[in-house]
Amino acid sequence: MEVQTLKYPAIRNYVAGQLTAATQAPTLEVYSPLSGELISTVPLSTAADLDAAVQAAKAAFPAWAAVPIKEKVQIFYRYKTLLEHHMHTLAGLVREENGKTYDEARAEVEKAIELTEFACSMPQLIQGEILEVSKGVECRIERKPLGVVASIAPFNFPNMVPHWTIPNALVLGNCLVLKPSEQVPLSAIKIAELLKEAGLPNGVLNIVNGDREIVEAICDHPDIQAVSFVGSTKIAKVVYRRATANLKRCVALGGAKNHLLVLPDAQPEMTASNVAASMSGCAGQRCMAGSTMVAVGGVDHIISKLVEEAKKIVPGQNLGSVISREAKARIEQHITDAEAAGATILLDGRNTQVPGHEAGYYVGPTVIDHVTPDMAIAKEEVFGPVLAILRAKTLDEGIALENASNYGNAAAVFTQSGSHARYVMEHASAGMIGVNIGVPVPREPFSFGGWNESKFGACDITGKSSIEFWTQLKKTTTKWNPESRTNWMS
Ligand code: NAD
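Residue indices begin from 1 for each chain and proceed along its sequence in written order. Local features in this predicted model are restricted to residues of pLDDT 70 or higher, and side-chain atom pairs are both shown and tallied only at a pLDDT of 80 or more, whereas totals for entire chains, interfaces and linings draw on every residue.

To continue, consider the domain arrangement of the protein. For the protein, the assigned domains are domain 1 (13-254 + 454-474) and domain 2 (259-435). Once you take the C-alpha centre of each, domain 1 and domain 2 turn out to be 31 Å apart. Facing 14 residues of domain 1, the contacting portion of domain 2 comprises 19 residues. In this classification, Asp, Glu, Lys and Arg are treated as charged, Ala, Val, Leu, Ile, Met, Phe, Trp, Tyr, Cys and Pro as nonpolar, and every other residue, Gly included, as polar. By residue class, the composition of the side of domain 1 that touches domain 2 is 3 nonpolar, 8 polar and 3 charged. All domain edges in this entry derive from an automatic or database-based domain assignment. Residue pairs are scored as contacts if the distance between their C-beta atoms, which are placed from the backbone, is within 7 Å.

Now for the site of the ligand. Only the C-beta atom matters for this test: placed from the backbone, it must lie within 6 Å of a molecule or strand for the residue to be near it. Near the ligand there are 28 residues, and of these Pro154, Val215, Gly231, Gly255 and Cys287 occur at the shortest range. By the criteria applied, helices consist of DSSP H or I runs no shorter than four residues and strands consist of E runs no shorter than two, each listed in order from the N terminus. Those elements that place two or more of their residues in the shell around the ligand are α8 (212-220) and α9 (233-245). In terms of residue count, the dominant contributor to the shell around the ligand is α8 (3 residues). For the shell around the ligand, the class distribution of residues is 13 nonpolar, 9 polar and 6 charged. Taken domain by domain, the shell around the ligand gets at least three of its residues from each of domain 1 (13-254 + 454-474) and domain 2 (259-435).

The subject of this paragraph is the packing of helix α3 (residues 87-98) against helix α4 (residues 102-120). Simply put, an axis is a line fit to the C-alpha atoms, just over the touching stretch for a helix, and the angle between two N-to-C directions goes from 0 to 180 degrees. One way to put it is that α3 packs onto α4 with a least axis distance of 8 Å and a crossing angle of 120 degrees. Here α3 is positioned oblique relative to α4, judged by the angle of their axes. In this structure, α3 crosses over α4, and the sense of that crossing is right-handed. In this structure, α3 uses Met87, Leu90, Ala91, Val94 and Arg95 to contact α4, whose residues at the interface are Tyr102, Ala105, Arg106, Glu108 and Val109. Residues that form the contact of α3 with α4 fall into these classes: 7 nonpolar, no polar and 3 charged. Reported orientations rely on four angle classes, namely roughly parallel under 35 degrees, roughly antiparallel over 145, roughly perpendicular from 65 to 115, and oblique for the rest. Should the near helix be turned counterclockwise from the far one by less than a right angle, the crossing is left-handed, whereas a clockwise turn marks it as right-handed.

Sheet architecture is open: 7 strands sit in the order β14-β15-β16-β13-β12-β17-β18, paired in mixed fashion. Looking at the sheet topology across the chains shown, the edges are occupied by β14 (344-347) and β18 (432-435). Adjacent strand axes in the sheet meet at a mean angle of 20 degrees, parallel and antiparallel pairs treated alike. At least two DSSP bridges between two strands are needed for those strands to be called paired. Where strand β17 (residues 410-414) meets β18, 4 bridges bridge the pair, whose relative direction is parallel. From the neighbouring strand, Ala412 faces β18, where its bridge partner is Gly434.

A few words on the packing of α3 against helix α7 (residues 186-198). At a minimum axis separation of 9 Å, α3 and α7 run at an interaxial angle of 160 degrees. One way to sum up the angle between α3 and α7 is to call them roughly antiparallel. Read as a crossing pair, α3 and α7 show a hand that is left-handed. Residues Leu90, Leu93, Val94, Glu96 and Glu97 of α3 form the contact with α7, whose own contacting residues are Leu186, Ser187 and Lys190. Looking at the contact of α3 with α7 residue by residue, the class counts come to 4 nonpolar, 1 polar and 3 charged.

Take the confidence of the model for the protein next. Averaged over all residues, the pLDDT of the protein is 96; the fraction at 70 or higher stands at 99%. Reported confidence for the predicted complex is 0.99 by ipTM and 0.97 by pTM. Each residue carries a pLDDT value, the predictor's own confidence for that position, ranging from 0 to 100.

On to the sheet that holds strand β5 (residues 129-134), then. On the basis of which strands lie adjacent, the open sheet formed by 3 strands has the order β5-β6-β20 and antiparallel pairing. Of all strands in the sheet, those with a lone pairing partner are β5 and β20 (471-479), marking the two edges. If you compare each strand with its neighbour and ignore which way they point, the axes differ by 25 degrees on average.

The next point concerns the environment of Glu142. Examined against the element boundaries, Glu142 turns out to sit in strand β6 (residues 137-145). Burial is judged by counting the other C-beta atoms within 10 Å of a residue's own C-beta: 20 or more makes it buried, 12 or fewer makes it exposed, and any count in between marks it as partly exposed, with every C-beta position built from the backbone. Taking the C-beta count within 10 Å as the criterion, Glu142 has 15 such neighbours and is therefore assigned partly exposed. Spatially, the C-alpha atom of Glu142 lies 52 Å from that of Gly360, the residues being 218 residues apart in sequence. Apart from the residues within four sequence positions on either side, Glu142 is in contact with Gly128 and Lys474.

Structure below.
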């Protein structure tokens, strides 16, 4: 029998600091979306594998929680240097498993470094409070870790999204079980290796690969205190309901349909290039992608420039692939359905092939005008390099279109008028707002998180808000009678 050698060794789980085989061995094949080539396999672990990881985390927790935070962050300072040192390898893994361009993959690792830097500043952010509330009586508040926690990640940022949770959760004293996306399992193992090299004790971070079964087992496991989830809204709802029904803390980030309102007074060149970059960056597979443009009033001159900008985005050069053959088919079907429903295709990315990578999963940049609110492409997350243009006569009509979305991750306005910008900032129903910025990701220390069906749970996932999520407050009241001391010297 011919044994096929894969480019990357078969992925294993990572438990108590060791790469371990899953107990049963059904595996999924992992393909590079750039080439369609089989590059590795990933185990579909079982609830027993999850339990082994949870037990490792539980065993590591008392000692890890007891390490002073100023010592914990030293590991993450070293880890940050390792991320910088291994940048090329890490970006290469992201590119290979996800299909991004090298620059996009590198930007993802740079963001992981910024997230790690934030965690290193934790000692400056989490001091407690103390007050003498009556004679000799003090109240004090300290932040304490939760214990064993879990993080479930999507395919679109194999390196960055795990860093939304790992550095903060660990520096704050928790032990974590990560469930990467089964579509992109390579980056997570490298992250674990580098953290071990930086000095992270065994068991503090564990990785269990798999799909639905592991996610459900995480929601049900009695020893997991909190669950952080990032993925589609459909699964975010399932996870949020199941984890909270099991009395766990949960934050579940879902999908998005971000509206970019373009007003007639917008600066044409900047707006056109910003909107084109927002809809097509990472092949449109970003929860922050501006997938819907709301053209308010007469902005045809900007739409023409936008199409010219989009034509400069070339698959295989400055545009990566989408994640799978199924994703390519789904995205192209959305375009076909919009056309059939009466929309106008200004730029068509269907049937794209990259010479030399004919088996890769590419969709070219696509701009669709005269989309109406009832069309599926106006309502559903397409998650590809596709821009749907809706028309509005007034700013209020434009805001109403944005507000009608079930989602609410981000929204942006392009204008040179402060009062119009202010109006959109006030009235858009989204958690992250951009003014003349098409991808308004808040940078550390600001928190990341949407509204409506783009996020379930009280806290955001990064920045200061994540400190609330990963800790609980211990309130201690002490009474020491200042009159009752003994003078030992007499
Ligand atoms: P997904 O919901 O399919 O998968 C996310 C995770 O859930 C994966 O780990 C997967 O294994 C698991 N999963 C899949 N099906 C499941 C099921 N039936 N039951 C339990 N678990 C299941 O999402 P995806 O396709 O990997 O990622 C893309 C989605 O993630 C998009 O909707 C995107 O907008 C969203 N996303 C949102 C944010 C945000 O900040 N709001 C960030 C990144 C991605």
